[in-house]
Amino acid sequence: MTMQTYTTEIVDTTEQAIRLLETVKQPPQETRAAENKQPPLPHQKPHDTNQIPTFTLITTYVSFLILGLVAKIEDYLGKIFKPEEYKHLRVQNGYAPMVSDFDSLWFRHVYIRLRDCFNRPIMGVAGGHVGLADRYTKDYNRTFQYTGKEHRVLNLASYNYLGFAQSHGPCADKVEEALLSQGIAQGSSRSEAGRTAMLVETEEMVARFVGTEAALIVSMGYATNSLIMPALVGKGCLIISDELNHSSLIIGARLSGATIRVFRHNNTADLEKKLRESISQGQPRTHRPWKKILVVVEGLYSMEGEFCNLPKIVELKSKYGFYLYVDEAHSIGALGKRGRGICDHFGVDP
């Protein structure tokens, strides 16, 4: 069975989301497979990040070379004709400058020119929407003046972009009701007395939504990977991990005590090569068979914006018999006709 982890940090859910999950009905497996058949997409081809076009390399290096030359010339002339503007880069009263002119070159000549695009101050709590403070500059972004006005914009720059942690609204109301009926904390682990009816109900809704037999909710997304993986594998086991996996997956693999090997990002040919070598050679020194082989990937790589090649990986799983761990922290709710993640997108039964 394919093992999946859903690093969904659930503080609570809105009334609309609860009604949606409660009305989820699982169609027959044949119907699900038919619904999820989609045409192949370009990202399904193995992507080799190490093969950068020569033209891109040349133009990139030339651009940085021109940037550095122009900046150094500007600094040289500026120190002659505008010494006051460069005094913070000179020795003053026997004290060395905080940074050298070369170390601050990028900030002074590149970042400051487009500074207005970043570090935008907000007014109020970062919820589903935020108030963006209006400002303008008279000295090419070195300083800003604020008008006191604001623009209401969508918040796509923080973890609270769905507004679950706002101090008002349906989520806050549900949290207040839960605190009054359930208390602030459980006071013990789930194995003793920390298992509540509300937690069980939520896990059952999550399992119905993603189409699995059961679900386990962890209070923190990072802890989901770093703590659950050591429970799945240990000494004498092998983890084969994508080279661009999230740090929580890396920490979990290290804590497990299992042997770790890495394959090139989204390259199923390299993955198969690592599998064949590992299976044929066995454990180091003893060459005994591995107790368990676990392949670890992400459904959607957030920093690269790429999907894992799940159909091919599942094909390799059937061929070599390893276990599969899919981190769907960024794909559930974003991919698939029903928003159920990478499995829903590719029509793979979880």
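About the cut-offs
- Residues numbered from 1 in each chain as written.
- Predicted model: local features only at pLDDT ≥ 70, side-chain atom pairs only at ≥ 80, totals over all residues.
- Heavy atoms only, no water.
- UniProt positions renumbered as here; feature names shortened; annotations may be inferred.
- Axes fitted to C-alpha atoms, helices over the stretch in contact; angles between N-to-C directions.
- Helix = DSSP H or I, 4+ residues; strand = E, 2+ residues; numbered from the N terminus.
- Parallel < 35°, antiparallel > 145°, perpendicular 65-115°, else oblique.
- Left-handed = near helix turned anticlockwise from the far one by under 90°.
- Contact = heavy atoms within 4.5 Å.
- Nonpolar A, V, L, I, M, F, W, Y, C, P; charged D, E, K, R; others polar.
- Pairing = 2+ DSSP bridges.
- pLDDT = per-residue confidence, 0-100.

Per an unreviewed UniProt entry, the protein chain goes by Serine palmitoyltransferase component and derives from Coemansia brasiliensis. Annotation of the protein chain in UniProt includes, under Cofactor (unreviewed entry), the sentence "pyridoxal 5'-phosphate".

Q: Explain the packing of helix 9 (residues 268-281) against helix 10 (residues 310-320) to me, please; I cannot follow it from the model alone.
A: For any two helices packed against each other, the geometry comes down to the angle between their axes and how far apart the axes lie. Viewed as axis vectors pointing N to C, helix 9 and helix 10 meet at an angle of 15°, and their least axial separation amounts to 11 Å. It follows from the interaxial angle that helix 9 and helix 10 lie roughly parallel. Taken as a pair, helix 9 and helix 10 cross one another with a handedness that is right-handed. Every residue of helix 10 that contacts helix 9 at T268, L271, E272, L275, R276 and I279 is listed here: K312, I313, L316, K319 and Y320. Split into classes, the residues belonging to the contact of helix 9 with helix 10 amount to six nonpolar, one polar and four charged.

Q: Is there a simple way to think about the sheet that holds strand 4 (residues 145-154) in this case?
A: The pairing of strands in a sheet happens through backbone hydrogen bonds and is either parallel or antiparallel. Ordered in space as 2-3-4, the three strands form an open sheet in which the pairing is antiparallel. Unpaired on one side and paired on the other, strand 2 (122-123) and strand 4 mark the two borders of the sheet. The pairing of strand 2 with strand 3 (residues 129-136) spans two bridges and is antiparallel. Residue pairing across strands places M123 opposite G131, the latter belonging to strand 3.

Q: Looking at this structure, I do not really get the confidence of the model for the protein chain. What am I missing?
A: Any segment with low pLDDT has predicted coordinates that should not be analysed in fine detail. Across the protein chain, the average pLDDT comes to 83, with 86% of residues at or above 70. Taken element by element, the predicted model of the protein chain shows its lowest mean pLDDT in strand 1 (residues 3-5) (44) and its highest in strand 5 (residues 238-242) (97). Throughout residues 1-18 the model reports pLDDT below 50, and contacts reaching past four residues in sequence, or to other chains, amount to 52 contacts.

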